[in-house]
Amino acid sequence: MTTGTRPEPEPATATAAKASATDTDTDTDGILTTTVDGIRTVVLAAPRPGPLSAGLLFRVGSADETLATSGITHLVEHLALHRHGLSDLHYNGATAAAHTHFHVTGTPADVVAYLNGVCAALRDLPMDRLDTEKEILRTEAAGTSAGPAHAAAVWRYGPRSYGLAAYPEFGLRKITEHEVRDWARTRFTRENAVLWIAGDTVPEGLDLDLPAGEWRPAPEATSALPRTPAWFRGGDGGVCLTAVVPRTTAATLFAGVLGKELFRELRQKGGYSYTAAADYSVRDADHATVVAYADALPEKQDALVGAFVDVFAKLRAGRVEQGDLDAVRTSALSRFDVPDLAAAWLPGQAADLLLGHPRLTTARARAEIEAVTVEDLREVARAVWAGALMQVPDRAVDWAGLTSAPCESADVVTGRRHPATGDEAVALIVGEEGISLVAPHGRATVRYAECVLMRSFPDGARHLIGPDGISLTVEPTLYRIHPSDLAVIDGSVPASAVIAMEPRDPALIPRPVKPGLATAWRDPRAWPVTAAIWTLGVLTAALAVLTCVLAFHATDRSIPAGDQDWRPVKAAALVTAGAAALCVTQVRRRERGRA
């Protein structure tokens with residue numbers, strides 16, 4: 001995200017010379033739809049005092065990328081705004097899952113300078129800044145904290161579509177100048193954009209010369225969940241439930257009622273939580289996401305989970321407090337009492353036009369809010385629960401009717417087995433179609449053709465991620481894997497999914513742990529080998545002592561030289577050597593299992 005500030009703007013006048021006079025439409029709220037330089041545009045039908053605000057929206061975001069190109073839209077946004085870095089304008093740029101937004105507030109001249117500059121930069125991005133902006137984006141990511149629904153996006157969508165926003169921008173290491181230019185040329189086009197201007201005219205001098213293209217609908221959502229409602233274990237100590245529902249007025253009010261119910265039951269009555277809230281956010285043209293979250297101390301988490309589930313059971317049964325619905329309804333209706341209502345609604349109207357969602361007049365919106373009933377909320381509650389994905393802190397919730405979200409693969413590939421050093425029960429299987437990691441606690445499989453990302457390290461390590469979010473790591477230091485097997489992996493994963501990584505710090509390369517004696521005895525699988533080593537070691541020491549005694553006796557000077565018998569000494573020495581050899585063999589066997 002790029003921002004700037006500006007002192008109090010000066011008033012100015014503008015004309016509408018650039019707007020199309022043949023294709024306009026004014027709705028009952030005083031919002032005029034027209035075109036400017038071939039870009040769909042919404043402006044106000046009546047003049048508005050004060051500084052001018054405007055924005056340019058493009059229907060492209062992180063959900064349009066792949067994991068191997070993730071970050072490319074954000075990178076284009078940064079490059080497009082670089083030349084405004086030292087400007088005094090009050091402006092901003094943001095990349096979301098389904099759109100990218102450039103907006104500005106100031107005088108008409110300021111708006112023209114900003115929007116013209118953005119479009120000029122999109123036509124000819126400053127590629128001399130490519131590497132620098134990549135570093136800035138990595139720095140930005142390092143200072144950004146994830147929200148409570150962050151993990152749920154990975155489990156629901158996997159590393160595709162709307163799940164990409166929950167992953168690091170891996171693609172920044174690989175994206176080339178050609179790819180960035182092509183992305184800007186094909187996604188940041190006039191047909192794929194909507195302009196909004198919170199004034200009644202188009203400022204004079206506006207020149208939004210963008211390449212021709214096509215409107216791109218929001219990407220279809222992918223799924224990593226075979227069924228819902230489902231649950232998974234999370235480590236932040238809270239409970240978070242997400243659900244995708246149709247975009248309706250009833251769903252927006254339900255989120256408000258849900259937040260009140262959670263706060264009352266989990267904080268005021270139960271005393272389990274400090275934060276207990278719910279939220280509603282638009283995902284695309286037809287769907288929205290409802291998020292419910294509550295936190296608790298470890299000793300209260302069991303009670304929290306039970307009370308959290310009870311809240312949803314209550315709402316699904318239709319036991320909605322009428323006072324809660326009335327309060328949420330009143331709050332929603334109060335949004336219509338603000339001055340410059342049309343200007344306040346304009347960015348949202350532009351976003352709906354961009355996504356292809358039917359525009360809602362204020363009169364229709366009011367009517368829908370006033371018409372929502374308790375029965376409507378009950379239906380939404382049931383839909384939310386039916387599509388729920390619930391994150392819980394280290395406990396199962398099958399008892400509540402939810403199924404565990406898959407955390408392992410359904411099958412493994414057929415191929416060459418490479419045991420882990422130190423643990424024969426853990427192994428990598430490298431096959432012709434994919435690679436699997438098998439262990440007593442589960443299994444993970446990534447098929448080469450479906451691999452969405454493979455990070456390749458110079459030391460031989462490979463980290464693969466499949467479309468379901470299942471990942472596995474090949475560490476040559478931990479598995480007895482031959483370079484020829486690495487060549488099979490490298491030659492089978494699509495080149496478009498491979499990212500070459502920088503050398504790792506040697507201290508970060510994992511090494512096999514050599515357990516001590518106590519660890520060996522705690523592992524039942526090591527008992528036979530360890531017992532054999534001890535037995536052979538004691539036997540070898542005893543035989544060595546016996547050999548020394550026999551040798552001493554054979555060299556006794558009181559025995560005539562012709563009567564000395566060395567045969568017992570030789571026999572004892574041979575037996576001792578044999579016992580020692582067996583002991584060494586067992587030691588090496590155990591070391592091969594650890595190394």
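All figures in this text were calculated on a predicted structure; none of them were measured in a lab.

Participant: Describe the overall build of the protein chain, listing the residues and the values that go with them.
Facilitator: Regarding its fold elements, the protein chain presents 15 helices and 22 strands. Sorting the 595 residues of the protein chain into buried and exposed places 46% on the buried side. Across the protein chain, the fraction of contacts at a sequence separation of at least 24, relative to all contacts at a separation of at least 6, is 74%. Taken as a whole, the protein chain presents about 28200 Å² of accessible surface, with 57% of it coming from carbon and sulfur.

Participant: Report on the nonpolar core, specifying residues and quantitative values.
Facilitator: Within the largest apolar cluster, 51 residues are counted, with the highest numbers of intra-cluster contacts made by L258, F308, V384 and M390. The leading source of residues in this core is helix 6 (residues 249-269), at 9 residues. Ignoring any residue separated from it by four or fewer positions in sequence, one finds F308 in contact with V239, L241, L262, L266, A292, Y293, A294 and M390. F58, V112, M127 and W183 belong to the second largest nonpolar core, which has 44 residues in total.

Participant: Outline the pattern of salt bridges, supporting the account with residue identities and numerical values.
Facilitator: Pairs can form between side chains of opposite charge whenever their charged atoms are close. Counted under the stated rule, the structure contains 31 salt bridges. In this structure, R447 engages D411 in a salt bridge whose closest nitrogen and oxygen atoms are separated by 3.2 Å. Residue R447 is located in strand 18 (residues 442-447), and its partner D411 is located in the loop between strand 14 (403-404) and strand 15 (415-420); the two are separated by 36 residues in the primary sequence. Since its relative accessible area comes to 37%, D411 is described here as partly exposed.

Participant: Could you give an account of helix 8 (residues 322-333), with specific residues and numbers?
Facilitator: Relative to the 16 Å expected for 12 residues at 1.5 Å per residue, helix 8 spans 16 Å between its end C-alpha atoms, a close match to the ideal helical length. Residues of helix 8 that are buried: D324, L325, V328, R329, A332 and L333. What you see down the axis of helix 8 is that its buried residues fit within an arc of 160°, all on one side. On its buried side, helix 8 packs onto helix 6, helix 10 (362-371) and helix 11 (374-386).

Participant: If you had to explain the sheet that holds strand 18 to someone new, which residues and values would you point to?
Facilitator: One open sheet holds the 4 strands; their spatial order is 15-16-17-18, and the pairing between them is antiparallel. The sheet is open, and its two edges are formed by strand 15 and strand 18, each paired on a single side. Looking at each pair of strands side by side, their axes are set apart by 15° on average, direction ignored. With 4 bridges joining them, strand 16 (residues 423-431) and strand 17 (residues 434-439) adopt antiparallel strand pairing.

Participant: A description of the packing of aromatic side chains should follow, citing residues and the corresponding values.
Facilitator: We describe a pair of aromatic rings using the distance from one ring centre to the other and the angle between the two ring planes. Counted by the stated rule, this structure contains 8 aromatic pairs. When the centroid spacing of 4.7 Å and the interplanar angle of 15° are considered together, the rings of W155 and F232 count as stacked. One end of the pair, W155, is in helix 4 (residues 150-157); the other, F232, is in strand 9 (residues 230-234), and 77 residues separate them in sequence. Arranged with centres 5.5 Å apart and planes meeting at 40°, the rings of F308 and F312 form a pair that is tilted. Here the residue F308 and the residue F312 both occupy positions in helix 7 (residues 301-316), the gap between them amounting to 4 residues, near one helical turn.

Participant: Tell me about unusual backbone geometry, and name the residues and values.
Facilitator: Backbone phi values are negative for most residues with the exception of glycine, while trans is the configuration of most peptide bonds. Note that the residue after T228, namely P229, is joined by a cis bond; omega there is 0°. Relative to the helices and strands, P229 is located in the loop between strand 8 (193-197) and strand 9. If you check the backbone angles, D340 has positive phi at about 55° while not being a glycine. Tracing the chain through its elements places D340 in the loop between helix 8 and helix 9 (341-355). A relative accessible area of 40% means that D340 is categorised as partly exposed.

Participant: Go over the sheet that holds strand 22 (residues 498-500), please, and point to the residues and values.
Facilitator: Pairing is mixed across the open sheet formed by 4 strands, whose spatial order is 21-20-19-22. Pairing within the sheet leaves two strands with one partner each, and these edge strands are strand 21 (471-474) and strand 22. The mean inter-strand angle of the sheet, taken between neighbouring strand axes irrespective of direction, is 15°. Two elements, strand 19 (residues 453-456) and strand 22, share 3 bridges in a ladder whose sense is parallel. Residue pairing across strands places S456 opposite A500, the latter belonging to strand 22.

Participant: Just give me the short version of the side chain of T100, but keep the residues and values in it.
Facilitator: With respect to the secondary-structure elements, T100 resides in strand 7 (residues 100-106). One polar contact links the side chain of T100 to the main-chain carbonyl oxygen of V60, over a distance of 2.8 Å. When neighbours within four sequence positions are excluded, T100 is seen to be in contact with L56, L57, F58, V60, G61, T73, E77, A94, T95 and F188.

Participant: Account for the pairing of strand 7, with residues named and values stated.
Facilitator: Within strand 7, 5 of the 7 residues are buried, which leaves it mostly tucked inside the rest of the structure. In terms of strand pairing, strand 5 (residues 52-58) meets strand 7 through 7 bridges, oriented antiparallel. By the bridge assignment, L52 is partnered in strand 7 with G106. Sheet topology note: the strand 6 (residues 90-95)/strand 7 ladder contains 6 bridges and is antiparallel.

Participant: Any chance you could break down the environment of A427 for me, citing the residues and the numbers?
Facilitator: With respect to the helices and strands, the residue A427 is situated in strand 16. On the accessibility criterion, A427 (0% relative accessible area) is buried. Apart from residues lying up to four places away in sequence, A427 is in contact with R417, H418, P419, A420, S436, L437, V438 and Y479.

The rules behind the values
Residue numbering note: each chain is counted from 1, following its sequence as written. Where totals are concerned, whole chains, interfaces and linings use all residues; where local detail is concerned, this predicted model gives features only for residues with pLDDT of at least 70, and gives and counts side-chain atom pairs only at 80 or more. Think of the side-chain values as coming from all heavy atoms in the structure, minus any hydrogens and water. Under the DSSP-based scheme used, a helix requires at least four consecutive residues in state H or I and a strand at least two consecutive residues in state E, with every element numbered from the N terminus. To sort residues, take the accessible area from a 1.4 Å probe on protein chains only and compare it with the maximum for the residue type: under 20% means buried, over 50% means exposed, and anything in between is partly exposed. Here, residues are in contact when the closest pair of their heavy atoms is within 4.5 Å. Accessible areas in this description were obtained via Shrake-Rupley with a 1.4 Å probe; residue shielding takes into account the shown protein chains only. Definition of nonpolar core: a set of buried residues of the types Ala, Val, Leu, Ile, Met, Phe, Trp, Tyr and Cys, connected through side-chain atoms within 4.5 Å. A pair is scored as a salt bridge if a Lys or Arg side-chain nitrogen falls within 4 Å of a carboxyl oxygen belonging to Asp or Glu. Expected helix span is given by 1.5 Å per residue-to-residue step, counting one fewer step than there are residues. Along the arc lie the directions from the helix axis toward the C-beta atoms. One requirement defines pairing of two strands: DSSP has to find at least two bridges between them. Note on geometry: axes are lines fitted to C-alpha atoms, helical ones only across the stretch in contact, with angles between N-to-C directions running from 0 to 180 degrees. Ring pairs are drawn from Phe, Tyr and Trp, using the six-membered ring of Trp, whenever the two centres fall within 6.5 Å, and their geometry is named by plane angle: stacked under 30 degrees, edge-to-face over 60, tilted for the rest. Under the rule applied, a polar contact is a pair of N or O atoms within 3.5 Å (in protein, one hydrogen donor and one hydrogen acceptor; residues adjacent in sequence only if both atoms are side-chain atoms).

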